[in-house]
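Next come the chains, spelled out residue by residue.
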Amino acid sequence: MSSFPVSPTLVALFLVLVTVTCLYGARKVGSHDRREPPLAPQSIPIIGHIIGMSRRNFNYHVDLSKKVKGPIFTLALPGQKMYVVTKPELVQAVQKQYKVLAFPPIEAKFASIVCGASPEVQAIMAENVNGDDGDFGLSMETYEGMRFALRPGSDLDDMNRSMIQEVAKSLDQLQPPKGESTTVDMYRWLRDVITTATTRSVYGPMNPYDDPDIVDAFWEFESGLMSILIGALPSLIARKPVAARTKVAKAFEKYYKAGGLNQASILAKKRYQVEVSNNVPLEDIARFEVGNSLAILSNTAPAAFWTLLFLHSHPGLIDDIRKEIDACTKKSTTTTNANANANTLTLDITSLKENCPLFLSSYQEVLRHRSTGTSVREVMEDTYLDQWLLKKGAMVQMPSRVIHEDGGLWGADVNEYNPRRFLPEEKKKKNGPRDSCFRAFGGGKTLCPGRHFATNEILALVATFIARFDMVPKDGGKWRIPTAMNTNVAAVVMQPDDDVKVEIKTRPGFDGVRWVVNLRESDSIFAMVTEDSGETV
């Protein structure tokens, strides 16, 4: 989630699409100043980079970074200039200049298009959008409200516990009869489970997404975001996703009017309170909530998918991780019902974060290996970044994939999935991975505030699944790793181009077991980024 929760990758592609319109004479870009970062080469003048991005998607910046030696280079696009930062040290410098190199103005423009904001609300969003006059206004207050609601503590624990119980219910429903197996499409099943668990934990018992038609409408909207972003002839080009967005927004209007917030999470309440205090009409609050749903739903399912897939397909890994998880599983000792309690096992999610270093390392490596997010900033005035001049009106991009695939930072096996890469003993080595090189959640002022909630959900789902079930490819062959070149523009984690059909059985010796999953109170968090160091105990 971002301050107004949208994908940085989606914002970046939105800017690229805007530049395409400039081919027809919108505005001119000044000539390249020798003080600016060096120009990246393009095979075809003017439109070469646009073609490259459309063909290579999230890999295009990686390709260019191998051709342009240096920590930053310039993409000269039609009507728009972009500076691409490729080294963590310079990324840190960008993050320190968050007023001059700003994200909120981009976010506001993007959100108004994606959510279909009314002209009245667009004007409200523009008020003090960058916080130059203080920490007030819709942009500033929304982000602060989300940080408050999602910070580690009792409020986040309440959301996590609700989510975990929904995950446990879904796994109970997946349980095959004794001696039999169940077949599912893994990605679709995970998406359904996570949609239910996440939205119920956020919106409470009157959750609009309990209606399957609303769920289908949301994914119709999500899949058509590109056509909405193009903006031209929306009634023709984006008719279906716009209609789907309207359907979900109407469901949220009904939810608010019926008092659904009364039993909702503090996250949903905080967002609503900020919007009401800034005079946002109910219709626009509902539209914004459709956009907020992108943040809480679009990336968790693919992250869980790749985690389960890599843990099972990497030789010997599932056995080693299962030993860690089994060690965190406890038999119930209550004597209320001796027969039932003898078959009750309890898995504590807090214990996973404290006692399963290989499991945590494997998950973090999935995010390094599969994340595609691009942090974006607008240059608000001419300024220098180290020795390079950045011109007002240009954009700054910080693609996580460029840094995550830098062999100088991660070693010769940078392109491989190495589940032990983030083990504590590896990080202590002289050339071990540094937290500042890990960019799956962005960083600085726009660091994803929902990273702890998403991580807890994925760890709970994957760990409980592994503890309860065996899983093999349905065809009985080797594990197949799907391609991900058609990843939706809303995602910051790759989405598989094809699903993987799997056969699931109860682990031997675990038939008839009653499972309990809980989360005990703890101040500890799973710190993956530099900014988390101040939150750990």
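Since the model is a prediction, treat every value here as computed from it, not as a measurement. Every chain is numbered independently, its residues counted from 1 as its sequence is written. Under the rules for a predicted model, residues below a pLDDT of 70 receive no local features and side-chain atom pairs below 80 are neither given nor counted, while totals for whole chains, interfaces and linings still include all residues. Side-chain numbers here rest on the full set of heavy atoms in the structure, without hydrogens or water.

A. Representation of the overall build of the chain in the model. Every helix listed is a DSSP run of H or I at least four residues long, and every strand listed is a run of E at least two residues long, numbered separately from the N terminus. Across its full length, the chain carries 24 helices and 13 strands. Each residue gets one of three labels from its accessible area relative to the maximum for its type: buried under 20%, exposed over 50%, partly exposed in between, using a 1.4 Å probe on protein chains only. In the chain, buried positions account for 58% of the 537 residues. Residue pairs in contact within the chain that sit at least 24 positions apart in sequence constitute 77% of those at least 6 positions apart. By element, 51% of the accessible surface of the chain is carried by carbon and sulfur atoms, the whole surface being about 22,600 Å². By definition, residues are in contact when any of their heavy atoms lie within 4.5 Å. Each accessible area is a Shrake-Rupley result for a 1.4 Å probe, and residues are judged covered by the shown protein chains and nothing else.

B. Geometry of helix 16 (residues 300-313). Along its 14 residues, helix 16 runs 20 Å from first to last C-alpha, staying within 8% of the 20 Å computed at 1.5 Å per residue. Judged by how many residues are buried, helix 16 sits mostly within the fold: 13 of 14 residues are covered. A helix is expected to span 1.5 Å multiplied by its residue count minus one.

C. Just helix 20 (residues 357-370), in detail. With 14 residues, helix 20 extends 20 Å from end C-alpha to end C-alpha; this agrees with the ideal 20 Å at 1.5 Å per step. Of all 14 residues making up helix 20, 13 are buried, and the element is well covered by its neighbours.

D. Spatial organisation of a nonpolar patch on the surface. What goes into a patch is any residue over 30% in relative accessible area without a salt bridge, connected to like charges within 9 Å or, for nonpolar side chains (Val, Leu, Ile, Met, Phe, Trp, Tyr), within 5 Å. Salt-bridge detection follows one rule: a side-chain nitrogen of Lys or Arg within 4 Å of a carboxyl oxygen of Asp or Glu. Taken together, the side chains of Met-226, Ile-230, Leu-236 and Ile-237 make up a nonpolar region of the molecular surface, amounting to roughly 360 Å² of accessible area. Looking at the nonpolar patch, the elements with two or more residues in it are helix 11 (225-230) and helix 12 (234-237). Tracing the backbone through its elements, the reader meets Leu-236 in helix 12. On the basis of relative accessible area, Leu-236 is assigned to the exposed category, the value being 64%.

E. Region of interest: the sheet that holds strand 10 (residues 395-399). When DSSP finds at least two bridges between two strands, those strands are taken to pair. Judged by pairing direction, the sheet is mixed, and its five strands sit side by side in the order 1-2-10-7-3 without closing on themselves. Edge positions in the sheet fall to strand 1 (72-77) and strand 3 (101-102), since each of these pairs with one other strand and no more. Across five bridges, the pairing between strand 7 (residues 374-379) and strand 10 is antiparallel. Bridge pairing in strand 10 links Val-376 to Gln-397. Strands strand 1, strand 2 (80-85) and strand 10 of the sheet are contacted by helix 3 (residues 60-67), whose axis makes an angle of about 120 degrees with strand 1. Axis definition: a line fitted to C-alpha atoms, limited for helices to the stretch in contact. Angles are taken between N-to-C directions and run from 0 to 180 degrees.

F. How the structure looks around the packing of aromatic side chains. Classification of ring pairs uses Phe, Tyr and Trp, with its six-membered ring standing for Trp, and accepts pairs whose centres are within 6.5 Å; under 30 degrees between planes counts as stacked, over 60 as edge-to-face, and the remaining range as tilted. One pass over the full model with this rule turns up 21 aromatic pairs. Here the aromatic rings of Tyr-203 and Tyr-255 are separated by 6.0 Å at their centres, their planes lie at 85 degrees, and the arrangement is edge-to-face. With Tyr-203 in helix 9 (residues 186-203) and Tyr-255 in helix 13 (residues 239-257), the pair connects residues that are 52 residues apart, well separated along the chain. The exposure class assigned to Tyr-255 is buried, which follows from its relative accessible area of 3%. Taking 6.2 Å as the distance between ring centres and 55 degrees as the angle between the ring planes, the aromatic pair formed by Phe-218 and Phe-221 counts as tilted. Placement of both Phe-218 and Phe-221 in helix 10 (residues 212-223) is noted, with a separation of three residues, approximately one turn of the helix. Residue classification places Phe-218 among the buried positions, given a relative accessible area of 1%. An aromatic cluster is built from Tyr-203, Tyr-209, Phe-218, Trp-219, Phe-221, Phe-252, Tyr-255, Tyr-256 and Tyr-272, whose rings are joined through pairwise contacts. One Lys or Arg, Arg-368, reaches over the ring of Trp-410 and ends 5.5 Å from the middle of that ring. In this scheme, the term charge over a ring applies when either NZ of a lysine or CZ of an arginine sits within 6 Å of the ring centre and within 35 degrees of the ring normal. Over the face of the ring belonging to Tyr-98 we find Lys-445, whose NZ or CZ atom lies 4.9 Å from the ring centre.

G. Up close: the sheet that holds strand 5 (residues 329-331). Taken in spatial order, the three strands make up an open sheet running 5-6-13, and their pairing is mixed. Every other strand in the sheet has two partners, leaving strand 5 and strand 13 (514-518) as the edge strands with one partner each. Averaged over neighbouring strand pairs, the angle between their axes works out to 30 degrees when direction is ignored. Across three bridges, strand 5 lies against strand 6 (residues 344-348) in antiparallel orientation. Its bridge partner being in strand 6, Lys-331 is matched across the sheet by Leu-345.

H. Layout of the confidence of the model for the chain. Model confidence for the chain is summarised by a mean pLDDT of 88, while 90% of its residues fall at 70 or above. Here residues 1-9 scores under 50 on pLDDT; set against residues more than four positions off or in separate chains, the count is 47 contacts. Known as pLDDT, the predictor's confidence for each residue is given on a scale from 0 to 100. Note that residues 19-27 has pLDDT below 50 and, in this model, 14 contacts with residues that lie over four places away or in other chains.

I. Spotlight on the packing of helix 9 against helix 24 (residues 451-468). Two elements in contact, helix 9 and helix 24, have axes separated by 12 Å at closest approach and are oriented at 130 degrees. Relative to helix 24, helix 9 is oriented oblique. With respect to the hand of their crossing, helix 9 and helix 24 are arranged in right-handed fashion. Of the residues in helix 24, those touching helix 9 at Trp-189, Leu-190, Val-193, Ile-194, Ala-197, Thr-198 and Ser-201 are Phe-453, Glu-457, Leu-461 and Phe-465. Amino acids are sorted into nonpolar (Ala, Val, Leu, Ile, Met, Phe, Trp, Tyr, Cys and Pro), charged (Asp, Glu, Lys and Arg) and polar (every other residue, Gly among them). Of the residues contributing to the contact of helix 9 with helix 24, the split by class is eight nonpolar, two polar and one charged. For this classification, under 35 degrees means roughly parallel, over 145 means roughly antiparallel, 65 to 115 means roughly perpendicular, and everything else is oblique. Each helix crossing is assigned a hand: it is left-handed if the near helix lies turned anticlockwise from the far helix by less than a right angle, otherwise right-handed if that turn is clockwise.

J. Structural view of the pattern of salt bridges. According to the stated counting rule, one finds 24 salt bridges in the structure shown. The partner of Asp-185 in a salt bridge is Lys-501, and the shortest N-O contact between them spans 2.9 Å. In this pair, Asp-185 is assigned in strand 4 (residues 182-185) and Lys-501 in strand 12 (residues 501-506), connecting sequence segments 316 residues apart. Given the relative accessible area of 42%, Lys-501 is considered partly exposed. If you follow the salt bridges from partner to partner, you end up with Glu-166, Lys-169, Arg-200 and Asp-210 in one network.

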